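Spelled out from the first residue to the last, the chains are:
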Amino acid sequence: AAKPKLWYFHGRGRMESIRWLLAAAGVEFEEEFLETREQYEKLQKDGRLLFGQVPLVEIDGMELTQTRAILSYLAAKYNLHGKDPKETVRIDMYADGTLDLMLMVALAAFKPLEEKEESLALVVKKAKTRYFPVFEKILKDHGEDFLVGNKFSWADIQLLEAILMVEELDASVLCDFPLLKEFKTRISNIPTIKKFLQPGSQRKPPPDNHYVEVVRNVLQL
Ligand SMILES: CCCCC[C@H]1O[C@@H](O)C[C@@H]1SC[C@H](NC(=O)CC[C@H](N)C(=O)O)C(=O)NCC(=O)O
């Protein structure tokens with residue numbers, strides 16, 4: 001079967017969680033990087049962007065947009081969603097929480113410098129006071145290796161991605177969360193994830209000024 005093809009900028013943004021899920025599932029994928037306004041306008045003209053937006057993922061003969069919809073489809077397809085609706089809704093809740101946190105980081109890149117620093121400090125504060133305490137408690141109460149049903153799921157992948165992203169902002173952020181520290185080590189050592197964390201993988205670096213300029217230019221923000 002043809003490999004999934006991802007259409008997005010050469011950066012994290014909203015596509016990074018999709019890259020993580022595919023990589024964790026051991027699925028090879030291709031990428032088309034948007035560098036020019038013309039590329040974006042062609043995708044629009046060709047009717048490939050449902051609401052005129054990227055991420056776009058070509059998979060199974062479909063052209064998928066809307067990040068959450070794509071992630072849900074991939075989680076179900078690669079057996080990384082729950083075994084029943086009650087497990088699936090927990091996975092969705094946990095994943096949505098990490099997506100909210102990570103989107104704050106993605107959007108901060110587009111703010112003026114002083115606002116950006118303030119936004120990123122708020123991300124660390126929210127991680128420490130709102131998000132990480134919740135996941136620490138889940139791991140404590142659940143008493144298992146994974147967040148849901150003691151089976152590796154999409155929620156575990158999202159949480160690891162979010163932990164690493166916040167640690168890039170504050171390396172000591174897990175100092176009060178011993179179970180999250182163990183979780184990070186455990187999930188990082190899953191072979192497919194371990195490979196994705198090695199240099200040379202399709203994992204993207206934190207947003208830099210070049211990325212922001214390209215996105216602004218392509219989207220005419
Ligand atoms: C000021 C913030 C700019 C953010 C720009 C992009 O970088 C990412 O971090 C977020 C976005 S991604 C690019 C943006 N896509 C979305 O907003 C998708 C939203 C959708 N709900 C999803 O989840 O996929 C885009 O195509 N916009 C064109 C435009 O709506 O006309």
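Residues numbered from 1 in each chain as written. Predicted model: local features only at pLDDT ≥ 70, side-chain atom pairs only at ≥ 80, totals over all residues. Heavy atoms only, no water.

(A) The overall build of the protein, seen in detail. Of regular secondary structure, the protein possesses nine helices and four strands. Mapped from its N terminus to its C terminus, the protein presents α and β elements in the order β-α-β-α-β-β-α-α-α-α-α-α-α. Along the longest, intermediate and shortest principal axes, the C-alpha atoms of the protein span 50 × 45 × 30 Å. The buried share of the protein, reckoned over its 221 residues, is 47%. In the protein, 66% of the contacts between residues at least 6 apart in sequence involve partners at least 24 apart. (Helix = DSSP H or I, 4+ residues; strand = E, 2+ residues; numbered from the N terminus. Buried < 20%, exposed > 50% of the residue type's maximum accessible area, 1.4 Å probe, protein only. Contact = heavy atoms within 4.5 Å.)

(B) Local environment of the packing of aromatic side chains. Evaluated as defined, the whole model comprises seven aromatic pairs. Ring geometry for Phe 9 versus Tyr 211: centroids 6.4 Å apart, planes at 80 degrees, classification edge-to-face. Taken together, the residues span a long stretch of sequence, with Phe 9 in the loop between strand S1 (5-8) and helix H1 (16-24) and Tyr 211 in helix H9 (residues 209-219) at a distance of 202 residues. The residues Phe 9 and Tyr 211 share a single accessibility class, namely buried. Ring centres of Phe 132 and Phe 177 lie 5.9 Å apart, and the angle between their planes is 85 degrees; on these two criteria the pair is classed as edge-to-face. Of this pair, Phe 132 sits in helix H5 (residues 113-142) while Phe 177 sits in the loop between helix H6 (154-169) and helix H7 (178-188), placing them 45 residues apart in sequence. Like Phe 132, the residue Phe 177 is buried in the burial classification. (Phe/Tyr/Trp six-rings, centres within 6.5 Å; stacked < 30°, edge-to-face > 60°.)

(C) Main features of the pairing of strand S3 (residues 56-59). Examined bridge by bridge, S1 and S3 share three bridges and lie antiparallel to one another. The residue of S3 that forms the bridge with Lys 5 is Glu 58. With four bridges joining them, S3 and strand S4 (residues 62-65) adopt antiparallel strand pairing. When the bridges of S4 are listed, Leu 56 appears paired with Thr 65. If you look at the hairpin formed by S3 and S4, you'll find two residues sitting between the two strands, and Asp 60 has a positive phi there, around 50 degrees. (Pairing = 2+ DSSP bridges.)

(D) Region of interest: the site of the ligand. As a matter of local geometry, the ligand sits amid 17 residues, with Tyr 8, Gln 53, Val 54, Gln 66 and Thr 67 nearest to it. One of the side-chain nitrogen or oxygen atoms of Gln 53 is found 3.0 Å away from an oxygen atom of the ligand. At 2.8 Å from a nitrogen atom of the ligand is found a main-chain nitrogen or oxygen belonging to Val 54. Compared with its free state, where it exposes 720 Å², the ligand has 73% of that area covered by protein. Looking at the shell around the ligand, the elements with two or more residues in it are helix H4 (85-108) and H9. For the shell around the ligand, the element with the highest residue contribution is H9, accounting for three residues. Here the shell around the ligand is built from residues that sort into eleven nonpolar, five polar and one charged. (Near = heavy atom within 4 Å. Polar contact = N/O pair within 3.5 Å; in protein donor to acceptor, adjacent residues only side chain to side chain. Areas by Shrake-Rupley, 256 points an atom, 1.4 Å probe, with all protein chains shown as cover. Nonpolar A, V, L, I, M, F, W, Y, C, P; charged D, E, K, R; others polar.)

(E) Representation of the nonpolar core within the structure. Counting 73 residues, the largest nonpolar core has Ile 18, Phe 132, Leu 147, Phe 152 and Leu 180 as the members making the most contacts within it. No other element matches H6, which puts ten residues into this core. Those residues in contact with Phe 132 that lie beyond four places of it in its chain are Leu 101, Ala 127, Ala 162, Ile 163, Val 166, Val 173, Leu 174, Phe 177 and Leu 180. (Core = buried A, V, L, I, M, F, W, Y, C linked by side-chain atoms within 4.5 Å.)

(F) Looking closely at the environment of Lys 111. Here Lys 111 lies in the loop between H4 and H5. With a relative accessible area of 36%, Lys 111 lands in the partly exposed category. In this structure Lys 111 touches Lys 116 and Ser 119, once residues within four positions along its chain are discounted. There is a polar contact of 3.1 Å between the side chain of Lys 111 and the side chain of Ser 119.

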